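# Structure assessment
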Amino acid sequence: MARRLSPQTLRRGMCWWPPYLFAGIKVLHIADDWSSARVRLRLGRTNRNYFGTHFGGSLFSMSDPFWALLAVSALGKDYIVWDKAAEIDFVSPGRGDVFAEFSLSEQQLTQIREATADGSKALPWFENEVVAADGTVVARVRKQLYVRRKRPVGTPGTEQPTVQREERTPATED
């Protein structure tokens, strides 16, 4: 992250982010310590599929960034965090508002810190459910993250490659 945003600033910004705004996705809460988030997806004209239920892409989209955002924010600037893999299992049709909750425990963060302490990468999996207002499970989402500690500046592999430029001479005709 180029600059660190507060959880509330990020929450407000994501609510106005066009892919979320037009899909009917609203970030309801991000904890001050980056340990959890809650998101709602309303069923509307812009996210209905042919059958009148939630479009699967919107169900996935509402879950997509949160594990990486929570992890990179909780771990801090000394870590690199990327999405690596994702799976979604559609369990039942979503016909009204649906919700997703994400909870990142201190135990999970400790496991990541321990796994990456020597510079190795960690590839943890995280799971959440998308549920209807009545508690019916609509989808199960799994995300795998790539996490590694940043190497200190000056260690092998961190310097930028230098580009050697050749001097060019104008081509001459023979």
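Overview of the structure. (Residues numbered from 1 in each chain as written. Predicted model: local features only at pLDDT ≥ 70, side-chain atom pairs only at ≥ 80, totals over all residues. Heavy atoms only, no water.)

## Details of the overall build of the protein chain
The helix and strand inventory of the protein chain stands at five helices and seven strands. Mapped in sequence order, the helices and strands of the protein chain form the string α-α-β-β-α-α-β-β-α-β-β-β. Sorting the 174 residues of the protein chain into buried and exposed places 36% on the buried side. Carbon and sulfur atoms make up 51% of the accessible area of the protein chain, which totals about 11,300 Å². (Helix = DSSP H or I, 4+ residues; strand = E, 2+ residues; numbered from the N terminus. Buried < 20%, exposed > 50% of the residue type's maximum accessible area, 1.4 Å probe, protein only. Areas by Shrake-Rupley, 256 points an atom, 1.4 Å probe, with all protein chains shown as cover.)

## Considering the packing of aromatic side chains
Aromatic rings considered in pairs are described by the distance between their centres and by the relative angle of their planes. On inspection of all chains with the given rule, the structure shows six aromatic pairs. Between the aromatic rings of Y50 and F51, the centroid separation amounts to 5.3 Å while the plane-to-plane angle is 90°, which identifies the pairing as edge-to-face. Residues Y50 and F51 agree in their burial class; the two are exposed. Three or more aromatic residues joined by ring pairs form one cluster here, namely W17, Y20, F66, W67, F102 and F126. Residue placement shows R142 over the ring face of W125; its charged tip is 4.0 Å from the ring centre. (Phe/Tyr/Trp six-rings, centres within 6.5 Å; stacked < 30°, edge-to-face > 60°. Lys NZ or Arg CZ within 6 Å of the ring centre and 35° of its normal.)

## Focus on helix α1 (residues 7-16)
Three or more residues of α1 are buried, namely P7, L10, R11, M14 and C15. End-on view of α1: buried residues confined to an arc of 135°, all on one side of the axis. Along its buried surface, α1 packs onto α2 (18-23), β1 (25-30) and α4 (66-75). (Arc of directions from axis to C-beta. Contact = heavy atoms within 4.5 Å.)

## Overview of the pattern of salt bridges
If the charged atoms of two oppositely charged side chains come close together, the side chains can form a pair. Evaluated as defined, the whole model comprises eight salt bridges. K143 is paired through a salt bridge with D83; the nearest N and O atoms lie 3.3 Å apart. Residue K143 is located in strand β7 (residues 137-149), and its partner D83 is located in strand β3 (residues 79-90); the two are separated by 60 residues in the primary sequence. The partner of R113 in a salt bridge is E106, with the nearest N and O atoms 3.1 Å apart. Through salt bridges with shared partners, a single network forms among D64, D83 and K143. (Salt bridge = Lys/Arg side-chain N within 4 Å of Asp/Glu carboxyl O.)

## Some thoughts on the environment of R113
Here R113 lies in helix α5 (residues 106-116). For R113 and R148, which are 35 residues apart along the polypeptide, the C-alpha to C-alpha distance reads 8.8 Å. Contacts of R113, omitting those with residues within four sequence positions, involve A74, L75, Y79 and E106. Engagement of the side chain of R113 in a polar contact is seen with the side chain of E106, the distance being 3.1 Å. (Polar contact = N/O pair within 3.5 Å; in protein donor to acceptor, adjacent residues only side chain to side chain.)

## Concerning unusual backbone geometry
Here W34, not a glycine, exhibits a phi torsion of approximately 65°, which is positive. Note on placement: W34 falls in the loop between β1 and β2 (36-41).

## Looking at the environment of S105
Tracing the sequence through the fold places S105 in the loop between β4 (98-103) and α5. On the basis of relative accessibility, which here comes to 30%, the residue S105 falls in the partly exposed class.

## Focus on the side chain of H54
Summarising the element assignment, H54 is placed in the loop between β2 and α3 (56-61). According to the relative accessible area criterion, H54 is buried, its value standing at 4%. Ignoring anything within four residues of it in the chain, the contact list for H54 reads L41, R42, L43, N47, N49, L59, G94, R95, G96 and V98.

## As for the nonpolar core
Counting residues in each nonpolar core, the largest one holds 39 residues, and the members touching the most others are M62, F66, V81, F102, V130, L145 and V147. Take this core: its biggest share by element is eight residues, from α4. (Core = buried A, V, L, I, M, F, W, Y, C linked by side-chain atoms within 4.5 Å.)

These results come straight from atomic positions and should not be treated as a statement about function.
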